[in-house]
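# Topology and contacts: notes
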Amino acid sequence: MSTILITGATSGLGRYVAFALVRSGHVVLAHGRDPGRTERLVEELRTEGDAEAFVADLASLAQVRELGARVADAHPDLDVLINNAGVGAGSPGSGRELSSDGHELRLAVNYLAPVALTRALLPVLRANTPARIVNVGSAGQEPLDFDDPEFTRGYQGFAAYCRAKFALAAHTFALAEELAGTGVSVNVLHPATFMDTAMVREGGVAPWSTVADGAPGVLALATQDLSTGRYFDGTSPARAHEATYDREVQKRLSAVTDQLLAL
């Protein structure tokens, strides 16, 4: 059985996956932003199995790194990381928002946070192979503008969301190559389209699918050895945006990412 950290576990897909994992006998480290909601979730999870709460605001890179340090310290046996937490496109017509570090919010939470958390936990994951990193992405992907990564010009919430998910996919493929042969696999998936979540409803979209539809893909990648450096649509291998596989794009993204994380 695995020790699994799942971010954004207090609602939607994350909550569903947390219960499925704990019922299967895994130790679930449930991350949430709100202390009360996270504690209540873990009380519920503990009626089914072994769970622990971890609270952090992923819009703060300092809190992301602190979360990584706390998890590594408390659970040196961690062998699965599910980067699930995310911020949607926002309500229709809402403007550009900033994280506590001054980054564009969607880029900060949907991309910079999982990258920083993964980096913080890589030493532990590498010590517990075979280990797995599951990045919850989206079929909505739009190339990042390297001249304006923070989307200061012509901002649109949905486009910002798609740019962050594009970056997450490209990062996944580059990281998989970097980790080749280490026993740590990293994959990215589109769980299901417009699931019935607060994020989707806030965006003014009528849900097309349920979180139960999105869970099997995440659970498969978290609990089975399904290769590495792959993109899945649900449980089916698929192709991400073609540009995410471009070495030059990955290199530029890596340079921009290091810059943004160092700010």
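Let us now look at helix α3 (residues 61–74). Here α3 spans 20 Å end to end across 14 residues, near enough to the 20 Å set by a 1.5 Å rise per residue. Of the positions making up α3, those classed as buried are Leu-61, Val-64, Leu-67, Gly-68 and Val-71. Projected onto a plane normal to the axis of α3, the buried residues spread over an arc of 115° and lie on a single side. Of the exposed residues in α3, those oriented more than 90 degrees away from the buried face are Ala-62 and Asp-73. Tucked inside the fold, the buried residues of α3 contact β1 (3–6), β2 (27–32), β3 (51–55), α4 (105–127) and α8 (247–262).

Note that the residue after Thr-129, namely Pro-130, is joined by a cis bond; omega there is 0°. Position of Pro-130 among the secondary structure elements: in the loop between α4 and β5 (131–136). Positioned with a positive phi, Phe-151 is a non-glycine residue whose angle comes to about 55°. Tracing the chain through its elements places Phe-151 in the loop between β5 and α5 (157–178). For Phe-151, a relative accessible area of 3% puts it in the buried group.

Moving on, we come to the nonpolar core. Counting 47 residues, the largest nonpolar core has Leu-5, Val-71, Leu-78, Tyr-111, Leu-121 and Ile-133 as the members making the most contacts within it. Among the elements of the structure, β2, α3, α4, β5, α5, β6 (184–190) and α8 are those that each provide at least two residues to this core. At 13 residues, α4 tops the list of elements feeding residues into this core. Leu-13, Val-17, Val-28 and Ala-51 belong to the second largest nonpolar core, which has 26 residues in total.

This part takes up the pattern of salt bridges. Taken as a whole and judged by the stated rule, the model has ten salt bridges. With a closest N to O distance of 3.1 Å, Arg-106 and Glu-97 form a salt bridge. Between Arg-153 and Asp-145 there is a salt bridge whose closest N-O contact spans 3.8 Å. For Asp-145, a relative accessible area of 26% translates into the label partly exposed.

Time to look at the environment of Gly-36. Following the sequence through the fold, Gly-36 ends up in helix α2 (residues 35–46). When its relative accessible area of 30% is taken as the criterion, Gly-36 is described as partly exposed. On a C-alpha basis, the gap between Gly-36 and Ser-236 in space is 36 Å, while along the polypeptide they are 200 residues apart.

Take the packing of helix α1 (residues 12–23) against helix α7 (residues 211–223) next. Contact geometry for α1 and α7: axes closest at 9 Å, N-to-C directions at 55°. Looking at the two axes, α1 sits oblique to α7. Considering how the two elements wind past one another, α1 and α7 form a crossing that is right-handed. Residue-level inspection shows Gly-12, Leu-13, Tyr-16, Val-17, Ala-20 and Leu-21 of α1 in contact with α7, the latter providing Val-211, Ala-212, Gly-214, Ala-215, Val-218, Leu-219 and Thr-223. Split by residue class, the contact of α1 with α7 holds ten nonpolar, three polar and no charged.

On to the sheet that holds β1, then. Overall, mixed pairing links the eight strands, which are arranged β3-β2-β1-β4-β5-β6-β7-β8 in an open sheet. Both edges of this open sheet fall to β3 and β8 (236–238), since each of them pairs with a single strand only. Taken pair by pair, the neighbouring strands of this sheet meet at an average axis angle of 25°, ignoring direction. Of the strand pairs in this sheet, strand β4 (residues 80–83) and β5 are connected by four bridges, and their pairing is parallel.

What counts and what doesn't
- Residues numbered from 1 in each chain as written.
- Predicted model: local features only at pLDDT ≥ 70, side-chain atom pairs only at ≥ 80, totals over all residues.
- Heavy atoms only, no water.
- Helix = DSSP H or I, 4+ residues; strand = E, 2+ residues; numbered from the N terminus.
- Expected span 1.5 Å × (residues − 1).
- Buried < 20%, exposed > 50% of the residue type's maximum accessible area, 1.4 Å probe, protein only.
- Arc of directions from axis to C-beta.
- Contact = heavy atoms within 4.5 Å.
- Core = buried A, V, L, I, M, F, W, Y, C linked by side-chain atoms within 4.5 Å.
- Salt bridge = Lys/Arg side-chain N within 4 Å of Asp/Glu carboxyl O.
- Axes fitted to C-alpha atoms, helices over the stretch in contact; angles between N-to-C directions.
- Parallel < 35°, antiparallel > 145°, perpendicular 65-115°, else oblique.
- Left-handed = near helix turned anticlockwise from the far one by under 90°.
- Nonpolar A, V, L, I, M, F, W, Y, C, P; charged D, E, K, R; others polar.
- Pairing = 2+ DSSP bridges.

By themselves these figures say nothing about function.
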